[in-house]
Amino acid sequence: MTDSRSLDPFQADPERLMDSQQGQLRIAARIIVIACLCMGTIAYIGHARLGDVDGHAVFISPYFALVMILCGLALHAARAYTRHAPLFGIAMIGMLVWALIAPRWYDAWVNGRTVSAAFATSVALLGALVALALRNKEVRRPPSAWPRLGASLTALLGIALPTLLSYGLIENDIVTRQRFANASARTVANEITERISRTVAFAGRQAQRWKVMGHVPSQAFLREEFDNHLSDFLFFDGFALVDTGPSIVAMSNRAGVTSDWVRDSITNRSLRSVLDHVIDSGNPHFVLDDRLSGNQNIGLIITPQSNPAMKGWYTITRLNLVNIFMRAIAKTPRGYFSINHDGRTLYRTADTPPENPFAAGELTIALNHDLDLKLAYAYAKAPGDLGADVLPEFVLLAGLLFTFLLGSSQRLARIARERSDQLSHSALHDPLTGLPNRRMLEQTLQDACTRARTGKSSVSVVFLDLDGIKLINDSMGHRIGDTVLMEASDRLLNDVQLDGSVTHLGGDEFVLLFPGLELRQVQERTQHIMHELAKPYFVTGKALRVTTNAGITISDGHTRDHMQLVREADLAMLRAKQDGQNTWHTYTEDLSARVADRLELRNDLQSALDAGALELHYQPIIAGHSGRVVGVEALVRWRHPTRGYISPSRFIPLSEETGQIASLTEWVLATACRDSDALRKKGFSALPVIINISPLYFQRTDFVEKIRKNLSDATLPATLLSIEITEGVLLDDKEAAILKLTQLRDMGIQTSIDDFGTGYSNLNYLKNLPIFKVKIDRSFVTDVVHDPAAAAIAQGIISMAHHLGLKVIAEGVETESQLAFLKRSHCDEFQGYLFARPLTFDELIDRLSENSGHFTTQPLDTATSERVLLLVDDEQNILNALTRLLRRDGYRILTANNAPQALELLARHEVQVIVSDQRMPEMTGTEFFSKVKEMYPATTRMILSGYTDLKSVTEAINHGAIYKFITKPWDDESLRKDIEQAFIDQRSRDVQEILNAERERLR
């Protein structure tokens, strides 16, 4: 007789068990026994916790749970008494067939979690097959011969934990769906309440507007207003104004709606009974028409009129409730909704509710107008929605398999296998995340390309780069960063494991592989993955977030180097970073060409730096009060041997990316210092050279020492060197930046803020910065004459800088009008093509010598004693006639045929009075005066127009703030008097402003 312990799969000799089919069957029997008992018990508890919906179980029913427990007990008996095992197996099959055939049992579980029930059935059937397979030649084991406690606990733990976890996932899914359904229903109820309330409030506001009129509106006015409402709001079907007769004063209906509804409503007794209450309350009231049913839903808003001239009158507004209900329900995911009132169905999304809903209920919609609606809802799973259903079964199956392997594997063999697996896994997987590494990606990608070629399909590669991991590592430690990476890899794996693969290249870079998908599908999947990765990562009680950049490439598999696809996706990812971060980009062939071009440009730039092939040009800076050159800005130029001059906007950012900016800046510093010393020796001793400093170079710890060394090497006084920085230098370390600027100031070097107003404009730090000048960016200067916003910004910068004791430079000055406007705004210095283009050093010497340090332009018209009149009209004969008429009065007359010409003249001349036509092709006179009012508020503005309609006059008054409106044709004497009076009023305002300013000074 064999020792009973040798029959225990957890204690018998491992080699013997490996060779014994009975041993494997007994291991399976034990696992299925515990699985049936656990599933049945937990299923019963789950039903008790969750209950049912509409009489159907939302979990495995208690009847089916009882069947599972009975199956487990039967299989345990079969395991103990192997002689009768086939009989117990047949009994288990009979119980399951009974559960499927009996209607009570069938309805109890098929209408609930069908996947879970089917899985439980499969487990029980597998146990029955194991019982049938146990040969009865085995020696009978007494019932009390139970395995040792430790082995039993191991088996129980191996099954109970995944069972609890899987049923916990099921319960969580059910609860989540029910909460979602309830929240969606509340959202629909709130949306209906809000929409009806808004319509009632709208009717009330309409009554208030009519009250202000003080008289009965005209029929045309009422029809126009009603028609406008019907056009603007789809849920209005008709309007009617009813007097005390009751008679219909005015009515308007949507197309397809007859007028009978108004007469029926007036004569309806139920509505008449409501009308007295409404008129007494003085507030709009929402009612339902009792004659309606089904889907023909009509709501009425009765609004009493508070206009004294309309006392006792009321407005009836007809609402299309179907439109309101449909719009409210459209904002929620698809479900069944039914809206009822007093037993009548006003609207429903389907003829019948869905079968077997996982959530259903009814809400009351209180409209606060003596009217309540009932909202019934039901949600059922969509066909084929098995995503959340399959996961618990997968977890439980994994637990069963794991327990089976745990009991059947011998310890030494398992250790050897684990070591082997570890070596293999380490060679092909990332040690941190456990995902495949680059080596495995090469194999996987090669296989995918082969299948794509043979199957004439496609293979797509997505390159992901997580932004924010480095910041987490630097601020919180690598352990936290590794935790975030592992959770991100888990999210990726869960998202793509069904139809793709994920690889961790290292650091914060991942590669996704999708075989057989179209480009549009890959793009949609990429967007979804980026959304998932953007969700917070909860580590040590903190919610951390990262963003993702993605590059996508697709191929038919015909490529010699399959890793080229990874490089292409990488290039697309880099392009996504350039497009603004946290986005994706699809690879195009021009990206490779662009990278090759940038690589070639980088090499050529380094060659130019090594060979000294760069050039330094100088653009003069002109003092506004004298026209003298007060400095020159050093601008680096690169004449490529084959491409010609390359714009600095191309190679400067490239040098910052590649680190060549340090060598480039040091060359500019050395060259500019030598040239400045040469200027000093040629007699231009008070002409400092201004150098632009990159924020990257400014952040170097030896920046100040580099400046000091270059000054020393060139024997150049520090006062002859100035630097320009952008506001970006304050972004990283403000205190260090202020310290460096202070050291430069102490040396005698002046600092200017370049491109002011376009970057990090922190005015709090600006007041403390040791700087001397700010430079208005050319983007504001370009539009300063025609754009009131640009003019206001430029004037604001000038005023603010002067109050801080700073000088202001305007760069990009190209026209006389720009110069005149900026001079009038008290700008100190100017730079631009109006004076000179960037010059070579020799050309600069020649220009300075020729003009004695002056770069003159036409003088600004600053005459203020003249009476300057500006006439604007697109018809030249009108301008000629006005000029002839008004010339005798001694005005200095300026004429313009359009608004842009007029703005140019206003920038160059001190104009007191403007007379403009209203209808001009490019912009109307009111639009023109709107700009003039903002830019030149002291001017007196008059409209001269042949169109005297109310709208034209209103526009002129409201938008242009005009002084007077004069019609065409005009009376000569009246026009002369009006213009003379305008100048008198203008002079009076000027005198008053002077007196007010003097009073303020004396105070």
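If you're wondering where the values come from, they're calculated on a predicted model, not measured in any experiment.

**Concerning the overall build of the protein**
Alright, step 1. A tally of helices and strands in the protein yields 34 helices and 32 strands.
Alright, step 2. Put simply, the protein has 1003 residues, and 47% of those count as buried.
Alright, step 3. Taking as baseline every contact in the protein between residues at least 6 positions apart, the subset at least 24 positions apart corresponds to 66%.
Alright, step 4. About 48,900 Å² of surface is accessible on the protein, with carbon and sulfur atoms providing 53% of the total.

**As for the side chain of Ser252**
Alright, step 1. Residue position: Ser252 is located in strand β4 (residues 248–253).
Alright, step 2. Leaving out residues up to four positions away in the same chain, Ser252 has contacts with Phe226, Asp227, Leu230, Gly238 and Phe239.

**Some thoughts on a nonpolar patch on the surface**
Alright, step 1. Taken together, the side chains of Leu66, Leu70 and Leu73 present a nonpolar region at the surface, about 250 Å² in accessible area.
Alright, step 2. Here Leu73 lies in helix α3 (residues 62–80).
Alright, step 3. A relative accessible area of 46% places Leu73 in the partly exposed class.

**Here's the deal with helix α8 (residues 219–232)**
Alright, step 1. When the terminal C-alpha atoms of α8 are compared, their 20 Å separation across 14 residues agrees well with the 20 Å that a helix rising 1.5 Å per residue should span.
Alright, step 2. For α8, the complete set of buried residues consists of Leu222, Glu225, Phe226, His229 and Leu230. On an axial view of α8, the arc spanned by its buried residues comes to 135 degrees, and they lie on one face. Among the exposed residues of α8, those oriented more than 90 degrees off its buried face are Glu224, Ser231 and Asp232.

**Thoughts on the pairing of strand β31 (residues 940–945)**
Alright, step 1. In terms of burial, β31 is a largely internal element, 6 of the 6 residues being buried.
Alright, step 2. Taken together, the 5 bridges between strand β30 (residues 913–917) and β31 define a ladder with parallel strand orientation. Pairing of Ile914 across the sheet is with Arg941, part of β31.
Alright, step 3. Of the crossover connections in this fold, the one passing from β30 over helix α32 (residues 925–935) to the parallel β31 is right-handed.
Alright, step 4. Summarising the sheet, β31 and strand β32 (residues 964–967) pair through 4 bridges and their orientation is parallel. By the bridge assignment for β32, Met942 is matched with Lys964.

**Quick look at the pairing of strand β20 (residues 629–640)**
Alright, step 1. Counting buried residues along β20, 10 of its 12 residues qualify, which places the element largely inside the surrounding structure.
Alright, step 2. Relative to β20, strand β19 (residues 614–623) runs antiparallel, the two sharing 9 bridges. Each bridged residue has a counterpart across the sheet, and for Ile622 the counterpart in β20 is Val629.
Alright, step 3. Connecting β19 to the antiparallel partner β20 that follows it, the hairpin turn spans 5 residues, and Gly627 within it adopts a positive phi of roughly 80 degrees.
Alright, step 4. One ladder, built from 3 bridges, connects β20 with strand β22 (residues 689–692); its direction is parallel. In the strand pairing of β22, Ala634 is matched with Ile691.
Alright, step 5. Note: β20 against strand β21 (residues 644–646), 3 bridges, orientation antiparallel.

**Side note on the packing of helix α28 (residues 816–824) against helix α31 (residues 899–908)**
Alright, step 1. Where α28 meets α31, the axes come as close as 7 Å, and the angle between the chain directions of the two elements is 45 degrees. Between α28 and α31, the angle falls in the class oblique. Pair α28 / α31 crosses with left-handed handedness. Only Glu904, Leu906, Ala907 and Arg908 of α31 make contact with α28, whose side of the interface consists of Glu816, Ser817, Ala820, Phe821 and Arg824.
Alright, step 2. A breakdown of the residues in the contact of α28 with α31 according to their chemical character gives 4 nonpolar, 1 polar and 4 charged.

**Topic: the sheet that holds strand β18 (residues 584–586)**
Alright, step 1. Taken together, the 5 strands give an open sheet; going across it, the order is β13-β14-β12-β17-β18, and neighbouring strands pair in mixed fashion. The open sheet is flanked by β13 (501–506) and β18, the only strands paired with a single partner. In this sheet, neighbouring strand axes are inclined to one another by 20 degrees on average, regardless of whether the strands run parallel or antiparallel.
Alright, step 2. Here 9 bridges tie strand β12 (residues 459–467) to strand β17 (residues 547–555), and the two strands are oriented antiparallel to one another. Looking at the pairing, Val461 lines up with Thr553 of β17.
Alright, step 3. Its contacts with the sheet place helix α18 (residues 564–578) against β12, β13, β14 (509–515), β17 and β18, and it is angled at close to 140 degrees to β17.

**With respect to the confidence of the model for the protein**
Alright, step 1. In this model, the protein carries a mean pLDDT of 78, and residues with pLDDT of at least 70 account for 81%.
Alright, step 2. Note on residues 858–865: pLDDT under 50 across the span, and 13 contacts to partners over four residues away in sequence or across chains.

**Overview of the UniProt feature "modified residue: 4-aspartylphosphate" (unreviewed entry) in the protein**
Alright, step 1. Residues given the UniProt feature "modified residue: 4-aspartylphosphate" (unreviewed entry) here are Asp917.
Alright, step 2. As for its position among the elements, Asp917 is in strand β30.
Alright, step 3. The class of Asp917 is buried, set by a relative accessible area of 6%.
Alright, step 4. For Asp917, the residues in contact, after removing those within four places along its chain, are Val872, Asp873, Asp874, Gly925, Leu944, Ser945 and Lys968.

Quick notes on the rules
- Residues numbered from 1 in each chain as written.
- Predicted model: local features only at pLDDT ≥ 70, side-chain atom pairs only at ≥ 80, totals over all residues.
- Heavy atoms only, no water.
- Helix = DSSP H or I, 4+ residues; strand = E, 2+ residues; numbered from the N terminus.
- Buried < 20%, exposed > 50% of the residue type's maximum accessible area, 1.4 Å probe, protein only.
- Contact = heavy atoms within 4.5 Å.
- Areas by Shrake-Rupley, 256 points an atom, 1.4 Å probe, with all protein chains shown as cover.
- Patch = residues over 30% accessible without salt bridge, like charges linked within 9 Å, V, L, I, M, F, W, Y side chains within 5 Å.
- Salt bridge = Lys/Arg side-chain N within 4 Å of Asp/Glu carboxyl O.
- Expected span 1.5 Å × (residues − 1).
- Arc of directions from axis to C-beta.
- Pairing = 2+ DSSP bridges.
- Right-handed = clockwise from strand over helix to strand, strands pointing away.
- Axes fitted to C-alpha atoms, helices over the stretch in contact; angles between N-to-C directions.
- Parallel < 35°, antiparallel > 145°, perpendicular 65-115°, else oblique.
- Left-handed = near helix turned anticlockwise from the far one by under 90°.
- Nonpolar A, V, L, I, M, F, W, Y, C, P; charged D, E, K, R; others polar.
- pLDDT = per-residue confidence, 0-100.
- UniProt positions renumbered as here; feature names shortened; annotations may be inferred.

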